[in-house]
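What follows is the residue order along each chain.
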There are 2 protein chains.
Amino acid sequence: MRPIIANDNHSQPDWAAMKKQQISTTRQRGAILDALRGVVTHPTADELHRMVRQTMPNVSLGTVYRNLEIMSERGLVTKLNTAGPQMRFDGDTRPHYHVRCSRCGRVDDVAVEPVDGIDQAAGQASGYAITSHSIEFEGICPDCASGGNSEKDST
Amino acid sequence: MRPIIANDNHSQPDWAAMKKQQISTTRQRGAILDALRGVVTHPTADELHRMVRQTMPNVSLGTVYRNLEIMSERGLVTKLNTAGPQMRFDGDTRPHYHVRCSRCGRVDDVAVEPVDGIDQAAGQASGYAITSHSIEFEGICPDCASGGNSEKDST
DNA sequence: ATATCTGCAAAAAGTTTGCTTTTTA
DNA sequence: TAAAAAGCAAACTTTTTGCAGATAT
């Protein structure tokens, strides 16, 4: 069970990654990437906007969207296709699976080994040229299970 | 490879299923369920609306949404969490996986055996009480691969 | 008869876009 | 100083909702 640790002590944003991808290194972009990498959750654009605003109060939501888009194109972050009406983003671009709490909507990583050979089987069964797959588990998170929290309800 | 066949000759809508689920049997609801069961694709609400309108021209989009919602709650249809901005629906409620064409956005069934034991592994790894999982493959569909069509582009 | 449902239109929610000014290379 | 990006607001797309009239049990 490989722990997926958040990168919490940011002295400097990861300008190197941006330079390598040939996108300009703006303060906002740095802050957005930092915020996303600083959490193990999978925030929506709006949540990220609120996070970034704590240190940079007039970043606009449009900027957050634009940067998440460009950074996902360049492989610095990942767009998640989880259930629910909003896009979610992941600062960990290594392949891994996700689980969504059907009660509160929270999305966590699942550290199981990638299922092997399934892309090939799916290719044969469907006739598609498969490039990847994603798995989303659904269940009740520990917090919700322990009677605790009773947030959103996003089933 | 179990073929998933569409139910194309509808003499009568499936009133029995609705009665069993205690929801009233309206013409619109019957037509929507019929339309969805009549295709192997996974239409959006809007596509379904257009399909139903061919035989029932003043069904409203709101009615389509409301019925898909209630029928998915009662297990007559399934809401799909595929990538892309729109919800898609599936008239086949048996557990199975899906593949989405990254070029044209089309979504098909994938007849591979459900991966066994993975829910338990995910439960241990995450601490969630897992109830289910879904897999979405991504790739290029045969039509797009053969140079043919060049529709939406929904990557 | 009464509860449920429909059609319509307006409202919400989420995301994208146009434009002007500011920042980066 | 030319190209890219930010901020702001308006536009767009998809889904939900309120309400009056119609339909189902």
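Before reading further, recall that the structure is shown in the block above.
Residues numbered from 1 in each chain as written. Chains lettered and ligands numbered in written order. Predicted model: local features only at pLDDT ≥ 70, side-chain atom pairs only at ≥ 80, totals over all residues. Heavy atoms only, no water.

Participant: Outline the sheet that holds strand E4 (residues 107–110) of chain B, listing residues and values.
Facilitator: Ordered in space as E4(A)-E3(A)-E5(A)-E5(B)-E3(B)-E4(B), the six strands form an open sheet in which the pairing is mixed. Among the strands making up the open sheet, the edge pair consists of strand E4 (107–110) of chain A together with E4 of chain B. Averaged over neighbouring strand pairs, the angle between their axes works out to 30 degrees when direction is ignored. Strand contacts of helix H5 (residues 118–126) of chain A: strand E5 (129–140) of chain A together with strand E3 (97–101), E4 and strand E5 (129–140) of chain B, with the helix running at about 110 degrees to E5(A), the strand carrying the most contacts. (Pairing = 2+ DSSP bridges. Helix = DSSP H or I, 4+ residues; strand = E, 2+ residues; numbered from the N terminus. Axes fitted to C-alpha atoms, helices over the stretch in contact; angles between N-to-C directions. Contact = heavy atoms within 4.5 Å.)

Participant: Outline the pattern of salt bridges, supporting the account with residue identities and numerical values.
Facilitator: All names here are of chain B. Overall, the coordinates contain 18 salt bridges over all chains when judged by the stated rule. Close ionic contact of Glu138 with Arg100 constitutes a salt bridge, the shortest N to O distance being 3.1 Å. Remark: Arg100 occurs in strand E3 and Glu138 occurs in strand E5; sequence separation between them is 38 residues. Relative accessible area serves as the criterion here: at 4%, Arg100 is assigned to the buried category. For Asp143, the salt bridge is made with Arg106, and the minimal N-O distance between the two is 3.3 Å. With Asp143 in helix H6 (residues 142–145) and Arg106 in the loop between E3 and E4, this pair connects stretches of sequence that are 37 residues apart. (Salt bridge = Lys/Arg side-chain N within 4 Å of Asp/Glu carboxyl O. Buried < 20%, exposed > 50% of the residue type's maximum accessible area, 1.4 Å probe, protein only.)

Participant: Would you mind going over the protein's contact with DNA strand C in detail, with residue names and values included?
Facilitator: With respect to spatial proximity, 18 residues lie near DNA strand C, and among them A:Tyr65, A:Met87, B:Ser24, B:Thr26 and B:Gln28 are the closest. Sugar plus phosphate, as a fraction of atoms of DNA strand C within 4 Å of the protein: 80%. The separation between a phosphate oxygen of DNA strand C and a polar side-chain atom of B:Ser24 is 3.1 Å. Within the contact set of DNA strand C, a base oxygen lies 3.0 Å away from a side-chain nitrogen or oxygen of B:Arg66. Those elements that place two or more of their residues in the surface near DNA strand C are helix H4 (61–73) of chain A together with helix H2 (27–37) and helix H4 (61–73) of chain B. The residue inventory of the surface near DNA strand C, partitioned by class, reads five nonpolar, 10 polar and three charged. (Near = heavy atom within 4 Å. Polar contact = N/O pair within 3.5 Å; in protein donor to acceptor, adjacent residues only side chain to side chain. Nonpolar A, V, L, I, M, F, W, Y, C, P; charged D, E, K, R; others polar.)

Participant: I'd like a rundown of the interface of chain A and chain B, residues and numbers included.
Facilitator: Each side of the interface is counted separately: chain A has 35 residues, and chain B has 35 residues. Carbon and sulfur atoms make up 65% of the surface buried where chain A meets chain B, a total of about 2,700 Å² over both sides. On the surface where chain A and chain B come into contact, there are zero salt bridges. Our count for the chain A to chain B interface comes out at 10 residue pairs in polar contact (both at pLDDT 80 or more). (Buried area = accessible area lost by both parts, 1.4 Å probe.)

Participant: Just give me the short version of the nonpolar core, but keep the residues and values in it.
Facilitator: Ranked by internal contacts, the top residues of the largest apolar core, which has 31 residues, are A:Val110, A:Phe137, B:Val110 and B:Phe137. Elements that contribute at least two residues to this core include exactly strand E3 (97–101), H5 and E5 of chain A together with E3, helix H5 (118–126) and E5 of chain B. With 20 residues, the next largest nonpolar core counts A:Ile23, A:Ala31, A:Leu48 and A:Leu68 among its residues. (Core = buried A, V, L, I, M, F, W, Y, C linked by side-chain atoms within 4.5 Å.)

Participant: Before we move on, could you go through the packing of H2(B) against helix H3 (residues 45–53) of chain B and cite the residues and values that matter?
Facilitator: All names here are of chain B. One can describe the packing of H2 onto H3 by two numbers: an axis separation of 9 Å at closest approach and a directional angle of 110 degrees. Relative to H3, the element H2 is oriented roughly perpendicular. Crossing angle aside, the handedness with which H2 passes H3 is right-handed. Across the interface between the two elements, Ala31, Ile32, Ala35 and Leu36 from H2 touch Leu48, Met51 and Val52 from H3. Of the residues assigned to the contact of H2 with H3, the class counts are seven nonpolar, no polar and no charged. (Parallel < 35°, antiparallel > 145°, perpendicular 65-115°, else oblique. Left-handed = near helix turned anticlockwise from the far one by under 90°.)

Participant: Describe in detail the protein's contact with DNA strand D, supporting the description with residues and values.
Facilitator: As a structural note, the neighbourhood of DNA strand D is formed by 18 residues, with A:Ser24, A:Thr26, A:Gln28, B:Tyr65 and B:Met87 the closest of them. Backbone atoms, meaning sugar and phosphate, form 81% of the atoms of DNA strand D found within 4 Å of the protein. Between A:Thr26 and DNA strand D, the recorded distance is 2.8 Å, taken from a side-chain N or O atom to a phosphate oxygen. B:Thr25 is positioned such that a nitrogen or oxygen atom in its side chain is 3.0 Å from a phosphate oxygen of DNA strand D.

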